[in-house]
Every structure is written in C-alpha cells, then in structure tokens.
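Residue-level listing of the chains:
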Amino acid sequence: MAKQKNEDGIWLIRKLLSKPNYAVLKLLMIKSPRTTRELYTLLGKSFTRKTLILTLRNLSMNLNILQPTHIRTERGYDLGYNINPRLKEIVKSLEKYEKMIESITGIKDST
C-alpha cells in the first residue's frame, strides 16, 4: 500500500471508519457471508456502484479485512464476502464505543 501524506497513529482506523467501509462492515456483522449483489442492492442508494466496487476491493485486497468466498445461489456460485474473524471483535468494540459516545454526547447516529 502506498504511504499516504500526513499519516498519524490512527490513520488505519480512520480508513476503516470511512462511510462506505463502515457501512459494508455493519452489514456483514448482521449477516455474513453476503454476495456482492446483496451489498450493491442494500447500499446502492447510499453509494455509487463504483464506490462500492472500490470499497470491496480495498477492504479485501489491500487491507485483508474482508475474505472473498464462494456462495451457492439459485444460479450456481457467486462471489461473496466474510469479515476476517480476527477483525469481528474489533468491529464489535467499535459498535460498543459508538453507543457509549452517543450516550455521553447525546448525538444519535443518522444512518
């Protein structure tokens, strides 16, 4: 991965918490694995298809956060994604901290 300008100690967490990345992770925490079609259908109103393609590629190939898998469908097999098992606990912790911060600040998540 190319070094970004002005990286600090938590640049990777910021990247993980970008809107499209976090939206994909939240969906995969609810149900995993999901096909790419499911992800495009559910997130297509919030993000462009190009953004979702880049997000899935970045999360799976560059960051190793998502693990590509084959999923049996009515038409045969399709490409789908699972969250890396070691990262599931981190995403659970992020959701816990999100709720704690909401309770402290009184600001609710708008998504």
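Note: the structure precedes this text.
Before going into details, it helps to say that this report is about the structure given with it. (Residues numbered from 1 in each chain as written. Predicted model: local features only at pLDDT ≥ 70, side-chain atom pairs only at ≥ 80, totals over all residues. Heavy atoms only, no water.)

### Re the pattern of salt bridges
According to the stated counting rule, one finds five salt bridges in the structure shown. Note that K26 is salt-bridged to E98, the shortest N-O span being 3.9 Å. Here the residue K26 occupies a position in helix α2 (residues 19-30), and E98 occupies one in helix α5 (residues 85-105), the gap between them amounting to 72 residues. Note on K26: relative accessible area 26%, which makes it partly exposed. Across the salt bridge formed by D78 and R37, the nearest N and O atoms sit 3.6 Å from each other. With D78 in strand β3 (residues 76-83) and R37 in helix α3 (residues 36-43), this pair connects stretches of sequence that are 41 residues apart. (Salt bridge = Lys/Arg side-chain N within 4 Å of Asp/Glu carboxyl O. Helix = DSSP H or I, 4+ residues; strand = E, 2+ residues; numbered from the N terminus. Buried < 20%, exposed > 50% of the residue type's maximum accessible area, 1.4 Å probe, protein only.)

### Quick look at the packing of α2 against helix α4 (residues 49-62)
α4 packs onto α2 with a crossing angle of 75 degrees between their chain directions and a minimal axis gap of 10 Å. Relative to α4, the element α2 is oriented roughly perpendicular. Here P20, N21 and V24 of α2 lie close against α4, whose contacting residues are T51, T55, L56 and L59. Of the residues in the contact of α2 with α4, the class split is four nonpolar, three polar and no charged. (Axes fitted to C-alpha atoms, helices over the stretch in contact; angles between N-to-C directions. Parallel < 35°, antiparallel > 145°, perpendicular 65-115°, else oblique. Contact = heavy atoms within 4.5 Å. Nonpolar A, V, L, I, M, F, W, Y, C, P; charged D, E, K, R; others polar.)

### Considering α2
With 12 residues, α2 extends 17 Å from end C-alpha to end C-alpha; this agrees with the ideal 16 Å at 1.5 Å per step. All buried positions along α2 are accounted for by P20, N21, Y22, A23, V24, L25, L27 and L28. (Expected span 1.5 Å × (residues − 1).)

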